[in-house]
Amino acid sequence: MHTGSRSLRAAAPQVPLRPVPLRPVVLRAAADAVPVVAAYVPFGLTLGATLAASGISPLVAWSSSPLLFGGAAQLLAVQLLGAGANVAVVVLGALVVNSRMLLYSASLAQHASGWSRRARWGGAYLLADPVYALAIGRFTKPDGGGDARLRLAYYLGVGATLWTAWMAITASGTLLAGVLPDGLRLDVAAPLTFLLLVLPMLTSRPAWAAAATGGLVAVAASGLPLGLGLLVGAAAGIAAGALVGGRRG
């Protein structure tokens with residue numbers, strides 16, 4: 001009797017598991033990106049206005065947003081162009097500033113191992129500082145962000161939300177250049193925006209030290225030419241974070 005019941009259970013049809021729906025994951029990603037969108041506003045508007053004042057066609061100026069999708073690289077490119085730098089220097093500067101994306105990509109590689117090649121190419125285009133921060137925060141939770149399908153849905157949801165917002169905000173700044181207050185300064189709006197972006201990620205003393213030092217140095221050095229103030233602030237922040245982290249270790 002006992003053997004027969006085991007046979008019946010073995011012969012019972014297996015009910016396939018339904019895949020987890022993607023819609024809630026995408027909505028969660030969009031909701032997580034909303035605070036970042038709010039932090040984008042001062043820098044995006046100011047950058048758009050600066051692009052409009054660069055002396056080239058507004059449409060051509062705004063096209064740097066989808067081309068680069070990186071505020072720091074755009075900021076440097078605009079300031080280099082304004083200083084009369086040639087195209088080779090502008091391109092090289094943007095590549096240097098965005099070289100940190102190589103580190104982000106290496107960090108995300110293990111979480112994207114199950115994605116298709118096309119998905120990885122799309123993910124590479126959407127990669128930016130806040131996209132990485134939100135994605136890695138999700139993927140390093142105990143559940144790993146779900147399977148590869150759910151991780152991709154979250155990543156694309158965050159990336160698409162932030163991409164759309166950045167395009168809209170910089171376009172608004174370009175169109176409203178003559179209406180925005182003259183007191184808006186790109187070299188001050190940039191550090192402010194980046195500080196707002198990192199505030200939700202400050203969960204340790206090294207992170208607080210890096211953010212505080214980097215923000216103060218960037219504002220103090222905002223008068224340096226070619227956007228160097230932002231780079232000096234970033235370097236100072238990294239050094240401060242490493243110093244505090246080393247002491248704790």
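All residue numbers here refer to positions counted from 1 along the written sequence of the relevant chain. It should be noted that, the model being predicted, local features are given only for residues of pLDDT at least 70 and side-chain atom pairs only at 80 or more, the latter also being counted only at that level, while totals for whole chains, interfaces and linings use all residues. Remark: hydrogens and water are excluded; side-chain values derive from all non-hydrogen atoms of the structure.

Could you clarify how one ought to interpret the environment of Pro-19 in this entry?
Runs of H or I in DSSP of at least four residues are treated as helices and runs of E of at least two as strands, each being numbered from the N terminus. Tracing the chain through its elements places Pro-19 in the loop between α1 (2–11) and α2 (23–52). Each C-alpha atom of the pair Pro-19 and Leu-150 lies 9.8 Å from the other, and the pair is 131 residues apart in sequence.

How do you make sense of the nonpolar core when you look at a structure like this?
Considering soluble globular proteins, one finds that nonpolar side chains tend to be buried as a cluster. Counting 37 residues, the largest nonpolar core has Leu-108, Trp-115, Leu-127, Phe-139, Tyr-155, Leu-162 and Trp-166 as the members making the most contacts within it. Put simply, the parts of the chain that give this core at least two residues each are α2, α5 (71–82), α7 (100–108), α8 (117–126), α9 (129–139) and α10 (148–175). A total of 11 residues in this core trace back to one element, the largest contributor, which is α10. Here, residues are in contact when the closest pair of their heavy atoms is within 4.5 Å. In this structure Leu-162 touches Ala-33, Val-36, Val-37, Tyr-40, Phe-69, Pro-130 and Val-131, once residues within four positions along its chain are discounted. Judged by nonpolar contacts, the second largest core, of eight residues, contains Ala-72, Ala-73, Leu-76 and Val-90. Only buried Ala, Val, Leu, Ile, Met, Phe, Trp, Tyr and Cys residues count toward a nonpolar core, and they belong to the same one when joined by side-chain atoms within 4.5 Å. Using a 1.4 Å probe on the protein chains alone, a residue whose accessible area is under 20% of its type maximum counts as buried, one over 50% counts as exposed, and one in between counts as partly exposed.

Quick question: what am I supposed to make of the UniProt feature "transmembrane region" (unreviewed entry) in the chain here?
As recorded in UniProt, the feature "transmembrane region" (unreviewed entry) lies at residues 33–56, 76–98, 152–177, 184–203 and 215–244. End C-alpha to end C-alpha, residues 152–177 measures 37 Å, and it is 92% helix and 0% strand. UniProt positions are given in the numbering used here, feature names are shortened, and annotations may be inferred rather than shown by experiment.

Looking at this model, I keep getting lost on α7. Mind explaining?
Each α-helix turn comprises 3.6 residues. Residues three or four places apart therefore point the same way. Among all positions of α7, only Met-101, Tyr-104 and Leu-108 are buried. Along the long axis of α7, the arc covered by the buried residues comes to 55°, so they all point the same way. Of the exposed residues in α7, the ones pointing more than 90 degrees away from its buried face are Leu-102, Leu-103 and Ala-106. Buried residues along α7 sit in contact with α9 and α10. Here the arc refers to the directions that run from the helix axis out to each C-beta atom.

I'm lost on the side chain of Arg-151 in this one. Help?
Assignment of secondary structure puts Arg-151 in helix α10. For this count, His and the chain ends are skipped, Lys and Arg are scored as positive, and Asp and Glu as negative. For this analysis, a salt bridge means a side-chain nitrogen from Lys or Arg found within 4 Å of a carboxyl oxygen belonging to Asp or Glu. Buried charge without a partner: Arg-151 forms no salt bridge, and the closest opposite charge is Asp-147, 6.3 Å away. Counting of polar contacts relies on pairs of N or O atoms within 3.5 Å, with two restrictions inside protein: one atom must be capable of donating a hydrogen and the other of accepting it, and residues adjacent in sequence are counted only when both atoms are side-chain atoms. Within the structure, the side chain of Arg-151 is placed 2.7 Å from the backbone oxygen of Gly-146, a separation counted as a polar contact. Setting aside chain neighbours within four positions, we find Arg-151 in contact with His-111, Trp-115, Phe-139, Gly-144, Gly-145 and Gly-146.

How should the packing of aromatic side chains be read in this particular structure?
For any pair of aromatic rings, the description rests on two quantities: the centre-to-centre distance and the angle between the ring planes. Aromatic pairs are defined between Phe, Tyr and Trp rings, using the six-membered ring for Trp, whenever the two ring centres lie within 6.5 Å; interplanar angles under 30 degrees are classed as stacked, those over 60 as edge-to-face, and all others as tilted. For the structure on display, the rule yields five aromatic pairs. A ring has a charge above it when a Lys NZ or an Arg CZ is no more than 6 Å from the ring centre and no more than 35 degrees off the ring normal. Above the plane of the ring of Tyr-154 lies Arg-138, whose end atom (NZ or CZ) is 5.8 Å from the centre.

Is there a simple way to think about a nonpolar patch on the surface in this case?
Each patch is assembled from residues with relative accessible area greater than 30% and no salt bridge, linking like charges that lie within 9 Å and nonpolar side chains (Val, Leu, Ile, Met, Phe, Trp, Tyr) that lie within 5 Å. Only the protein chains shown count as cover for residues, and all accessible areas are computed by the Shrake-Rupley method using a 1.4 Å probe. On the surface, Val-87, Val-91 and Leu-95 cluster together to form a nonpolar patch covering roughly 300 Å² of accessible area. Mapping Val-87 onto the fold places it in helix α6 (residues 87–97).

Looking at this structure, I do not really get the pattern of salt bridges. What am I missing?
When the charged atoms of two side chains lie near each other, side chains of opposite charge can form a pair. Enumeration according to the criterion identifies two salt bridges in this entry. Across the pair Arg-28 and Asp-32 runs a salt bridge whose closest N-O atoms are separated by 3.2 Å. Taken as a pair, Arg-28 and Asp-32 lie in helix α2 at a separation of four residues, close to a single helical turn. In this structure, Asp-129 and Arg-100 form a salt bridge, with 2.6 Å as the shortest nitrogen-oxygen distance.

Whenever I open this one, the packing of α2 against α10 confuses me. Can you help?
The axes of two packed helices give the description: the angle between them and the distance between them. For every element, the axis is a line fit to its C-alpha atoms; helices are fit only across the contacting stretch, and the angle between N-to-C directions ranges from 0 to 180 degrees. Where α2 contacts α10, the axes come no closer than 7 Å and their chain directions differ by 25°. When the interaxial angle is binned, α2 and α10 end up roughly parallel. Handedness of the crossing formed by α2 with α10: right-handed. Roughly parallel refers to an angle under 35 degrees, roughly antiparallel to one over 145, roughly perpendicular to one between 65 and 115, and oblique to any angle outside these ranges. Each crossing gets its handedness from the near helix: less than a right angle anticlockwise from the far helix is left-handed, clockwise is right-handed.

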